[in-house]
Amino acid sequence: MAMRLAADHVKVSVPATAGNLGPGFDALGMALGVADEVEVRALASSEVTIEIEGEGESTLARDESHLVVQALRAALDHVGASQTGLHMRAINRIPHGRGLGSSAAAVVAGIVAARALIAEPDALSLEETLVLANAFEGHPDNAAPAIYGGATVAWKDAEGVHARPLQLADEIETAVLIPSSVLPTKEARAVLPAKVPHVDAAFNVARAALLVNALAGRPEDLLAATDDRLHQGYRADVLGPATSMLRALRDRGLAAVVSGAGPSVLVLGADLAAAGLESGVPAWAEGVGGESWRCVHTIERVPGAMGVRL
Ligand SMILES: Nc1ncnc2c1ncn2[C@@H]1O[C@H](COP(=O)(O)OP(=O)(O)OP(=O)(O)O)[C@@H](O)[C@H]1O
Ligand SMILES: N[C@@H](CCO)C(=O)O
């Protein structure tokens with residue numbers, strides 16, 4: 001027998017995320033202080049209606065092809081629950097195509113909404129949520145922090161997809177510099193080589209391990225720990241102004257990395273106010289690469305996705 005829906009009105013919030021964190025390509029990630037909200041009402045009819053406010057309000061589909069709806073349906077199928085008509089209201093605050101995990105947030109929102117709707121939420125564990133989200137995304141580094149919050153390491157093996165929360169010291173802050181230009185993740189992945197030199201792989205292994213230690217409370221190592229040879233250099237041309245911003249920040253001694261597939265740039269540090277990154281963009285950074293940038297500064301550990309019944 002199909003699993004029952006136990007609620008007909010739920011609300012979900014999912015944070016933006018930065019994937020990679022420099023050396024941890026497709027593995028490390030961190031939740032950021034901006035979140036999308038989605039309200040879902042199950043309908044007696046088979047109708048699907050969608051209201052969107054914010055990012056994508058004039059471009060996103062209002063039908064079954066909407067990413068949140070697709071993920072919700074996949075999650076209902078996964079637990080053997082009946083499909084339902086639905087009305088969805090989305091407040092989209094995460095910019096799209098900027099390396100801030102908007103697609104992962106949409107997918108996780110759909111799965112967590114399904115989890116809140118069904119009679120047995122335990123049928124969809126956090127681990128299964130990650131497996132389902134990875135099936136949409138193809139890489140788990142954004143979905144993992146979107147689900148668990150804070151900083152995470154995620155990996156795949158023959159059994160599936162896994163993630164663990166990383167220790168994140170209270171003193172670690174983030175600032176994200178967001179340009180107005182967009183870079184679809186698909187385009188940024190298409191320029192990566194199929195093989196990399198062994199010496200570059202070894203270079204990143206050392207930095208990724210050092211970064212885990214630095215995040216746990218050694219902020220003085222963040223600059224060395226955020227260097228990378230596996231993706232940012234290969235993407236320099238498609239990243240355009242982000243490559244200039246990355247260089248400008250690192251030349252100032254700031255631990256900057258490309259956020260996800262870019263073109264946003266993430267800065268990690270223990271006192272980002274001292275670098276003028278606590279509110280707005282510092283004067284020297286305005287117009288770098290011919291872009292207009294805005295800055296989002298986060299000082300607290302960001303929680304993962306939350307779903308509640310209304
Ligand atoms: N809230 C949303 N609702 C529906 N579709 C969305 C939503 N957010 C993102 N998308 C879809 O995902 C696309 C962006 O995904 P893409 O993977 O290119 O970038 P990103 O997820 O923002 O960045 P990154 O993966 O580098 O962190 C959008 O153009 C849109 O099609
Ligand atoms: N690890 C992914 C993050 C993008 O979402 C990439 O760099 O392509």
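In this text, all values refer to a predicted model and were calculated from it rather than measured experimentally.

(A) Representation of the sheet that holds strand E9 (residues 265-269) in the model. The strand order across the open sheet formed by four strands is E8-E9-E7-E10, and the pairing between neighbours is antiparallel. Every interior strand has two partners, whereas the edge strands, strand E8 (255-258) and strand E10 (293-298), have only one. Strand-to-strand, the axes of this sheet are offset by a mean angle of 20°, without reference to chain direction. The pairing of strand E7 (residues 173-179) with E9 spans five bridges and is classified as antiparallel.

(B) Here's a closer look at the site of ligand 2. As a structural note, the neighbourhood of ligand 2 is formed by 13 residues, with Gly-19, Asp-26, Thr-185, Gly-260 and Ala-261 the closest of them. Examining the composition of the shell around ligand 2, we find that three residues originate from one element, helix H5 (residues 185-190), more than from any other. Looking at the shell around ligand 2, you find at least three residues from each of domain 1 (9-167 + 302-309) and domain 2 (173-298).

(C) Highlighting the UniProt feature "binding site: ATP" (unreviewed entry) in the protein. Listed under "binding site: ATP" (unreviewed entry) in the UniProt record, and renumbered for this structure, are Pro-95, His-96, Gly-97, Arg-98, Gly-99, Leu-100, Gly-101, Ser-102, Ser-103, Ala-104 and Ala-105. With respect to the element layout, Pro-95 can be found in the loop between strand E4 (85-92) and helix H2 (102-117). For Pro-95, a count of 22 C-beta atoms within 10 Å corresponds to the buried category. Ignoring anything within four residues of it in the chain, the contact list for Pro-95 reads Glu-55, Leu-100, Ser-102 and Ile-178. Mapping Ala-105 onto the fold places it in helix H2. Residues within four places of Ala-105 in sequence aside, it is in contact with Val-14, Pro-15, Ala-16, Asp-36, Ile-94 and Ala-146.

Conventions we followed
Residues numbered from 1 in each chain as written. Chains lettered and ligands numbered in written order. Predicted model: local features only at pLDDT ≥ 70, side-chain atom pairs only at ≥ 80, totals over all residues. Pairing = 2+ DSSP bridges. Helix = DSSP H or I, 4+ residues; strand = E, 2+ residues; numbered from the N terminus. Axes fitted to C-alpha atoms, helices over the stretch in contact; angles between N-to-C directions. Near = placed C-beta within 6 Å. Domains from an automatic or database assignment. UniProt positions renumbered as here; feature names shortened; annotations may be inferred. Buried ≥ 20, exposed ≤ 12 C-beta atoms within 10 Å, placed from the backbone. Contact = placed C-beta atoms within 7 Å.

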